[in-house]
Amino acid sequence: MPAARVEYVAPWWVAWLHSVPHLGLRLQPVDSTFNPRDESYRESLLFLGLVAAICLGLNLVILATYVVCVCCCRQDEAVQTKRRDSCCVTWTAVVAGLICCAAVGVGFYGNSETNDGVYQLIYSLDNANHTFSGIDELVSGTTQKMKVDLEQHLARLSEIFAARGDYIQTLKFVQQMAANILVQLSGLPVWREVTTELTELADQTGYVEYYRWLSYLLLFILDLVICLVSCLGLARRSRCLLVSTLCCAALGLFLSWTSLAADSAAAVGTGDFCSDPDTFLLNITEGQVRTEVTRYYLYCGQSGSSPFQQALTVFQRSLTTMQSQVASLLQFAVPVFPTAEKDLLGIQLLLNSSESGLHQLTAMLDCRGLHKDYLDALNGICYDGIEGLLYLALFSLLAALAFSTMICAGPRAWKHFTTRDRDYDDIDSDDPFNPQARRMAAHNPPRGQLRSFCSYSSGLGSQTSLQPPAQTISNAPVSEYMNQAMLFGGNPRYENVPLIGRGSPPPTYSPSMRATYLSVADEHLRHYGNDFPA
C-alpha cells in the first residue's frame, strides 16, 4: 500500500500574489491561471513591469521638480540658516546611507533565499530525471534479455530436445511466458522525452539563476560604492565627487526600479503557478504521458491503485512460472541431455537477474519517490524562491528611496559648498588665515622669501638694515595703514596687507617684540589719543 500523500500547502503570500489583478496591455482583464504559453498571460506579467516603469517616471518628475525648486529659491545668508542647512544636508546623507545599507542587507538575504529555492528545484528535477532514466534503462535491459538472450538459449535447447516432445512443450511454454513479460513491459510509459525536457529545463534554470545571482551581487556592490562616494563627497566637500554621486544615484535609481519590475513579474508568475501546480502539470503533460499516470504521481495515495500494478503482477507471475519450468528441466532433462545444462543455467541466471530488475522497477515506479521530489521542488520554488523575490522587491524599494534621498540632498549640498566658498572670497585673498589662500599658496609658491614682522626678535634696530619689497595695493583704508606705520616708528610694514580691520587673529609675538610693541603703542596713544579710539 502506498503511503498517504504529504499534502502541499501553499504559503499565504502565494494567495496574495495570485490575487493581484492581471491586466493586458489594453487594460482588459486576463485569466490569472498560470499559462506561460498564452500570449495574453505573458502580457499581464509585462504590464507589471510597465507599472514599475511608470513609477520610475513619476519618481524622476518629482525629483526634478524638487531640484528646480531648491535651485531657484533664494537661500538666506544668515549664519543660523547656513548652520541649519548644513545639519539638514548631513542628516539627510546619514539617513540615505542607513537606508542604503539596510536595503543591501535585505537584498543579500533575499538573493540567498531565491538561490536556495532555485537550486532545490534543480536538485529535485535531477532526482526525478535520474528516476525516469533508471526506469527506461531497466525496461530496455529486461526487454533485451527476453528478446535476444533468452531466444538464443531456447533455440539451442530446441535442437537438443528435438526428440522429446514434452521438453519441447516446456520450452514453448517458457517462450510464451517471456512474450507475456514483453507485452507488459511495452505497456509501461517511456520517459525518454520527459527526461530530455527535464534535463533542458534544469540546465536553463541553472544558467539563468547563476547570472541572476551574479547580477544582484554586482548591484549590491554598486549601491555600497555609491554610498561610499556620497560620504566622501560630503566629507571632503568636493563638487566633483558630489556630481559623481548624483550621476551614480540616478543610475542606481533606474536599476532599482528595473529590478523591482523583474522581481514583481517573477513573483506574481511564480505565485500563479504555486496556487495550482497540479492543473498546470496535467495540462502540460497531456499527449506525452497518460493522464492516470500523471495523476498517480501528483496525487500519490489518493488516486487509487497504481496504474502499473497489473503489469507488474503479470510480470512477477510469468517470471515465477518460467523459473519453475527451468528448474524442472534442470532436474529431469540434464541427466538425459548433459549438453543442455549450460543453456538451462544461462536461462536461470537470466531469470534471476530479471527478478532483481523487477524489484528495482517496482520501487522506481512507486509514487512515493517521485512525489517526494515533486513536493521538494514545490517547497523550493514556492517557499524559499518567492520569499526571496519578495525580499528583493523590498530591497529595490528601499534602494530607490535611498537614492531619491541622495538626489534631494545634492542641490542643498551644492549650495552649501557655494556659500562657503563665497564666504572665503569675501576675505582678503592675501590673508594667511584664509583657507582658500592657503590652497592657492600651495599651488602658487612665492618667488622670494619675505621676512615678516613677526620674525623679528632682535629689536627694532635691525629694521633699518632691511630693504622692504615693493608694496602692493591694499584694500585697507589709507589712514589706517599710515597710523600703523606711525606706530612702528614711521617705517612701513613689510607685509603686503595690514592685519588690523580684516577680522584675522593677530600674529604670535616673541617676548621682546611684544614689549617693544606695547611701549610704542602707549607713547603714540598719549599723543594721538583722539585719533585712535578704543
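What you are looking at is a predicted structure, and each value in this text was computed from that prediction instead of being measured.

**Quick look at the nonpolar core**
One recurring pattern in soluble globular proteins is that nonpolar side chains are buried together. In this structure, M146, F161, Y297, M322 and L361 are the most contacted members of the largest nonpolar core, which totals 104 residues. In terms of residue count, helix α11 (residues 367–426) provides more of this core than any other element does, 19 residues in total.

**A short note on the environment of T270**
Here T270 is to be found in helix α6 (residues 239–275). Remark: the alpha-carbon pair of T270 and H18, spanning 252 residues in sequence, is separated by 8.8 Å. Apart from the residues lying within four places of it in its own chain, the contact partners of T270 are I381, I386 and L389.

**What to know about the pattern of salt bridges**
Two side chains that carry opposite charge are able to pair once their charged atoms sit near each other. Enumeration over the complete set of coordinates arrives at six salt bridges. Taking the shortest distance from any N to any O, the salt bridge between R156 and D343 comes out at 2.9 Å. Pair noted here: R156 is in helix α3 (residues 79–160) and D343 is in helix α10 (residues 341–365), with a separation of 187 residues, a long-range link. The exposure class assigned to R156 is partly exposed, which follows from its relative accessible area of 38%. The salt bridge partner of R164 is D166, with a shortest N-O separation of 3.1 Å. You can call R164 partly exposed: its relative accessible area is 29%.

**What to know about the state of the cysteines**
Going through the model one piece at a time under the given rule, you end up with two disulfides. The disulfide that involves C274 links it to C382, with 1.8 Å between the sulfurs. With the S-S bond torsion at -90 degrees, the cross-link from C274 to C382 turns out left-handed. Of the two residues, C274 sits in helix α6 while C382 sits in helix α11, which places them 108 residues apart along the sequence. Residue classification places C274 among the buried residues on the basis of a relative accessible area of 0%.

**Examining the side chain of E387**
Following the sequence through the fold, E387 ends up in helix α11. Setting aside anything within four residues of it in sequence, one finds E387 in contact with W13, Y109 and E113.

**As for the packing of aromatic side chains**
This structure, assessed with the given rule, holds 20 aromatic pairs. Arranged with centres 5.5 Å apart and planes meeting at 70 degrees, the rings of F34 and F273 form a pair that is edge-to-face. Here F273 lies in helix α6 and F34 lies in the loop between α1 (12–18) and α2 (39–72), a separation of 239 residues in the sequence. For the residue pair F34 and F273, the accessibility class agrees, reading buried in each case. Here the aromatic residues F132, W191, Y296, Y297 and F308 are joined through ring pairs into a cluster of three or more. Lying across the ring of Y167, R164 places its NZ or CZ 4.4 Å from the centre.

Parameters at a glance
- Residues take numbers from 1 onward in each chain, read along the sequence in its written order.
- This being a predicted model, a pLDDT of at least 70 is required before a residue's local features are given, and a value of 80 or more before pairs of side-chain atoms are given or counted; all residues contribute to the totals for chains, interfaces and linings.
- In computing side-chain values, all of the structure's heavy atoms are included and hydrogens and water are not.
- Only buried residues count toward a nonpolar core, which is a set of Ala, Val, Leu, Ile, Met, Phe, Trp, Tyr and Cys residues joined through side-chain atoms within 4.5 Å.
- Throughout, exposure labels follow a simple rule: accessible area from a 1.4 Å probe, protein chains only, divided by the maximum for the residue type, with under 20% read as buried, over 50% as exposed, and the rest as partly exposed.
- Numbered from the N terminus, helices here are DSSP runs of H or I no shorter than four residues, and strands are runs of E no shorter than two.
- Any pair of residues with heavy atoms lying within 4.5 Å of one another is described as a contacting pair.
- A carboxyl oxygen of Asp or Glu within 4 Å of a side-chain nitrogen of Lys or Arg is what we treat as a salt bridge.
- When the sulfur atoms of two cysteines come within 2.5 Å, that pair is taken as a disulfide.
- Working definition: rings of Phe, Tyr and Trp (its six-membered ring) pair if their centres are within 6.5 Å, and the pair is stacked with planes under 30 degrees apart, edge-to-face with planes over 60 apart, and tilted otherwise.
- In this analysis the charged atom, NZ for Lys or CZ for Arg, is taken to sit over a ring once it is within 6 Å of the ring centre and within 35 degrees of the ring normal.

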